[in-house]
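# Architecture at a glance
Below, each chain spelled out in residue letters.
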Amino acid sequence: MIVCKFGGTSVASAEQIKKVASIVESNPARKIVVVSAPGKRTPDDIKVTDLLIDLADAALMDGAVTEKLAAVMARYRAIAEGLHLGEEICQIIQADLEERLQADASNVELYVDAIKASGEDNNAKLIAAYFTSIGMPARYVSPREGLIVNELPERTYALPEAYTQLAALAKTDEIIVFPGFFGYSASGVLRTFDRGGSDITGSILSAAVRADMYENFTDVDCVFSANPKVVNCPVEIKEITYREMRELSYAGFSVFHDEALMPVFKVGVPVNIKNTNNPSAAGTKIVSKRATTGRPVTGISADSGFSILYVSKYLMNREVGFGRKLLQILEDENISYEHTPSGLDDISVIMRSTQLSDEIEARILRRVKEELYADDVEFRHGFSMIVIVGEGMRHNTGLAARAASAISKTGANIEMINQGSSEVSLVFGVMQKYENQILQALYAEFFATVTA
Ligand SMILES: Nc1ncnc2c1ncn2[C@@H]1O[C@H](COP(=O)(O)OP(=O)(O)O)[C@@H](O)[C@H]1O
Ligand SMILES: N[C@@H](CC(=O)OP(=O)(O)O)C(=O)O
């Protein structure tokens, strides 16, 4: 059995959904189809998920939702008309949205989640109706039927019992169309995953039914060794390990969500990233072990939006528990961190800037000074992380020096270097404004002179 997930661009219009149907029909093993909400039809289009977030915000602010609701409905109506589905499905979707808008809004996060999730939920109903209408018997299955997630306040993840319950979907004659991006807690509360989280749903289902393959359909032929929007014609990656992909998708390889790797990795289901617009291309396989390519570096990614908390204190290295107390202060603010490079008398904690605000920063700075008696403490903002990844890096000396030299030629200062203990990645912290230049320079250093 194959579980296939179609991303927002693959289900953005009637034309795209027709391609999805012919891909599913062409292989009878494709029995479970996970769908996103309609995404962008052109680069400057707006994803339905973003329209829905706007709609929820309007409902919470002043209740003036008419225009925003019409914008969402226009997207579904255009799709339904293009697929000759008639008015009934539009009425179902409109009624569903109105019901969600009327729901209790005392918990804002859950209220917004329910409206956001309607994007995938209604699209799954529509696509199941379309498949059936063209002679491909299909059934919409709600995440209520087993995708059990944790309760608030932690971020959303699937509970172990979800895998047991969803395993039952393996026995199906019809094609199952399952909405991505959300699940229900044991108490019946709808919760969404992070943005891009339909990849996670596909991975959970693939692991639950022990699929032979998890196919993730998107709008590029494969995963490239660098973001194709920044590097001109980057090398195509034919095979990549779970570990390499995890490191790359953490920082910038937006083609596959980093949280989507663990469920399939645990049970060894291979992933194939493929293109809805060119399904005969082989795509990229994510596997446990891959053949060597003769090249130490598999990919280079970059992501912006990082802040650094810099703390210095003389003799910090002799003070038992300093690191723990510092991280406890961050935990009290519900902040996760990415890296903690340190010296004898100083430590830097690198985190995503979206978790910070002026008040949070002020509280942290005050506590670090008053409770840890730090000599110096400050926040620095506007950093990017550049990540060089490759299973072959372990056996390759001088790689860090080559990377550092390539970066220095751009004029950028390296603010932080971190080599993961697994030695498959090397991370450089740099000022955000140099990000693209550095990515291009590193690509030239490690790929431009070598053929695939
Ligand atoms: N290294 C990379 N290889 C391929 N695509 C990448 C890479 N880095 C970023 N991308 C971007 O990821 C996009 C696909 O991911 P996404 O927008 O989530 O698609 P979908 O709508 O299918 O979920 C591509 O259009 C491409 O611009
Ligand atoms: N629609 C959601 C979930 C998702 O996975 O979408 P996409 O497949 O378009 O990345 C989002 O925009 O975040």
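Since this is a predicted model, take the numbers as computed values, not measurements.

Mapped onto this numbering, the UniProt entry gives "binding site: ATP" (unreviewed entry) at Lys5, Phe6, Gly7, Gly8, Thr218 and Asp219. In sequence the annotated residues extend across 215 residues, while in space they remain close, none of their C-alpha pairs exceeding 12.2 Å. By the element assignment, Lys5 lies in strand E1 (residues 2-6). The exposure class of Lys5 is buried, given its relative accessible area of 7%. Apart from the residues lying within four places of it in its own chain, the contact partners of Lys5 are Val34, Ser36, Ser198, Asp199, Tyr214, Glu215, Asn216 and Phe217. In this structure the side chain of Lys5 is engaged in a polar contact, spanning 2.8 Å, whose partner is the side chain of Asp199. Mapped onto the fold, Asp219 is located in the loop between strand E8 (213-218) and strand E9 (223-224). Once residues lying within four places of it in the same chain are set aside, the contact partners of Asp219 are Thr9, Asn275 and Asn277.

Time to look at the site of ligand 1. As a matter of local geometry, ligand 1 sits amid 19 residues, with Thr9, Thr218, Asp219, Phe224 and Lys229 nearest to it. Of all the elements in the fold, those that place two or more residues in the shell around ligand 1 are E8 and E9.

On to the pairing of strand E2 (residues 30-35). The buried fraction of E2 is high, at five of six residues. Viewed along the sheet, the connection from E1 through helix H1 (residues 14-25) into E2 turns out right-handed. Judged from the four bridges that link them, E2 and strand E5 (residues 175-179) form a sheet pairing that is parallel. Bridge pairing links Ile32 to Ile176 in E5.

With respect to topology, five strands assemble into an open sheet ordered E15-E14-E16-E18-E17, the strand pairing being antiparallel. This sheet does not close on itself; its edge strands, each paired only once, are strand E15 (346-352) and strand E17 (416-419). Along the sheet, successive strands turn relative to each other by an average axial angle of 35°, direction set aside. Taken together, the four bridges between E17 and strand E18 (residues 425-431) define a ladder with antiparallel strand orientation. Note on E18: the bridge partner recorded for Gln419 is Leu426. Sitting on the sheet, helix H8 (residues 242-250) is in contact with strand E14 (299-312), E15, strand E16 (376-389) and E18, with an inclination near 135° to E16.

Take the sheet that holds E2 next. Reading across the sheet, the eight strands line up as E3-E5-E2-E1-E8-E12-E13-E11 and stay open at both edges, with mixed pairing between neighbours. Two strands bound the open sheet, and with one partner strand each, they are strand E3 (138-140) and strand E11 (239-241). Pairs of neighbouring strands in the sheet enclose a mean axial angle of 20°, with direction left out of account. As paired strands, E1 and E8 are joined by five bridges and run parallel to one another. Note that in E8 the partner of Lys5 across the bridge is Asn216.

Moving on, we get to the packing of aromatic side chains. Under the definition given, this model contains six aromatic pairs. With a centroid separation of 4.7 Å and an interplanar angle of 10°, the aromatic rings of Phe6 and Phe217 are classed as stacked. Here Phe6 is found in strand E1, whereas its partner Phe217 is found in strand E8, with 211 residues between them in sequence. On the accessibility criterion, Phe217 (0% relative accessible area) is buried. With a centroid separation of 4.9 Å and an interplanar angle of 10°, the aromatic rings of Tyr443 and Phe447 are classed as stacked. For Tyr443, a relative accessible area of 9% translates into the label buried. Here the guanidinium or amino end of Arg380 rests over the ring plane of Tyr310, the centre of that ring lying 4.8 Å away.

In this section: unusual backbone geometry. In the segment running from Leu152 into Pro153, the intervening peptide bond is cis, with an omega of 5°. Inspection of the secondary structure puts Pro153 in the loop between strand E4 (148-149) and helix H6 (160-166).

Analysis parameters
- Residues numbered from 1 in each chain as written.
- Chains lettered and ligands numbered in written order.
- Predicted model: local features only at pLDDT ≥ 70, side-chain atom pairs only at ≥ 80, totals over all residues.
- Heavy atoms only, no water.
- UniProt positions renumbered as here; feature names shortened; annotations may be inferred.
- Helix = DSSP H or I, 4+ residues; strand = E, 2+ residues; numbered from the N terminus.
- Buried < 20%, exposed > 50% of the residue type's maximum accessible area, 1.4 Å probe, protein only.
- Contact = heavy atoms within 4.5 Å.
- Polar contact = N/O pair within 3.5 Å; in protein donor to acceptor, adjacent residues only side chain to side chain.
- Near = heavy atom within 4 Å.
- Right-handed = clockwise from strand over helix to strand, strands pointing away.
- Pairing = 2+ DSSP bridges.
- Axes fitted to C-alpha atoms, helices over the stretch in contact; angles between N-to-C directions.
- Phe/Tyr/Trp six-rings, centres within 6.5 Å; stacked < 30°, edge-to-face > 60°.
- Lys NZ or Arg CZ within 6 Å of the ring centre and 35° of its normal.

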